[in-house]
Amino acid sequence: MGFSRKEVYYWLETASNEQLQAHLRNSQEMLVLLTDREQIKSLKWLRSRIIDEINARKEAKQP
């Protein structure tokens, strides 16, 4: 079952930093196991959104 982009963006906004980091680690492991190109493409898209969110939060904390 997939999620809509709206659901993903909501999760990104509401997830804790720890949840983002954990999902990023888990998704790296999942990439190795996937064989379907569309699933790989979707997971890479999600990983890039997570990385963007993590970086945005780091920048927001800097003075």
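Bear in mind the structure is a predicted one, so any value in this text is a computation, not a measurement. (Residues numbered from 1 in each chain as written. Predicted model: local features only at pLDDT ≥ 70, side-chain atom pairs only at ≥ 80, totals over all residues. Heavy atoms only, no water.)

Let's talk about the pattern of salt bridges
- A complete count under the given rule lists two salt bridges for this structure.
- Its salt-bridge partner being D52, residue R49 comes within 3.4 Å of it at the nearest N-O pair. Taken together, the residues R49 and D52, both in helix 3 (residues 37-61) and three residues apart, mark about one turn of the helix.
- E53 is the partner of R57 in a salt bridge, and the nearest nitrogen-oxygen pair spans 2.9 Å. (Salt bridge = Lys/Arg side-chain N within 4 Å of Asp/Glu carboxyl O. Helix = DSSP H or I, 4+ residues; strand = E, 2+ residues; numbered from the N terminus.)

Looking at the packing of helix 1 (residues 5-14) against helix 2 (residues 17-33)
- It is the contact of helix 1 with helix 2, at a shortest axis distance of 8 Å, that shows an interaxial angle of 125°. If you check the angle between helix 1 and helix 2, you find them oblique. The residues of helix 2 that touch helix 1, namely those facing W11, L12 and T14, are Q19, L20 and H23.
- Here the contact of helix 1 with helix 2 is composed, by residue class, of three nonpolar, three polar and no charged. (Axes fitted to C-alpha atoms, helices over the stretch in contact; angles between N-to-C directions. Parallel < 35°, antiparallel > 145°, perpendicular 65-115°, else oblique. Contact = heavy atoms within 4.5 Å. Nonpolar A, V, L, I, M, F, W, Y, C, P; charged D, E, K, R; others polar.)

Looking at the packing of aromatic side chains
- Under the criterion given, the structure shown has one aromatic pair.
- Considering the side-chain rings of Y9 and W45, the 5.9 Å spacing of their centres and the 85° angle between planes classify their relative orientation as edge-to-face. Taken as a pair, Y9 in helix 1 and W45 in helix 3 lie far apart in primary sequence, 36 residues in all.
- A cation over a ring is seen here: R5 above W45, with NZ or CZ 4.3 Å from the ring centre. (Phe/Tyr/Trp six-rings, centres within 6.5 Å; stacked < 30°, edge-to-face > 60°. Lys NZ or Arg CZ within 6 Å of the ring centre and 35° of its normal.)

Things to note about the nonpolar core
- With eleven residues, the main nonpolar core is built from V8, L12, A15, L20, L24, L31, L43, W45, L46, I50 and I54.
- If you list the elements that add at least two residues to this core, you get helix 1, helix 2 and helix 3.
- Among the elements that make up this core, the one with the highest residue count is helix 3 (five residues).
- In this structure, L20 is in contact with W11, L12, A15, I50, E53, I54 and R57, ignoring residues within four places of it in sequence. (Core = buried A, V, L, I, M, F, W, Y, C linked by side-chain atoms within 4.5 Å. Buried < 20%, exposed > 50% of the residue type's maximum accessible area, 1.4 Å probe, protein only.)

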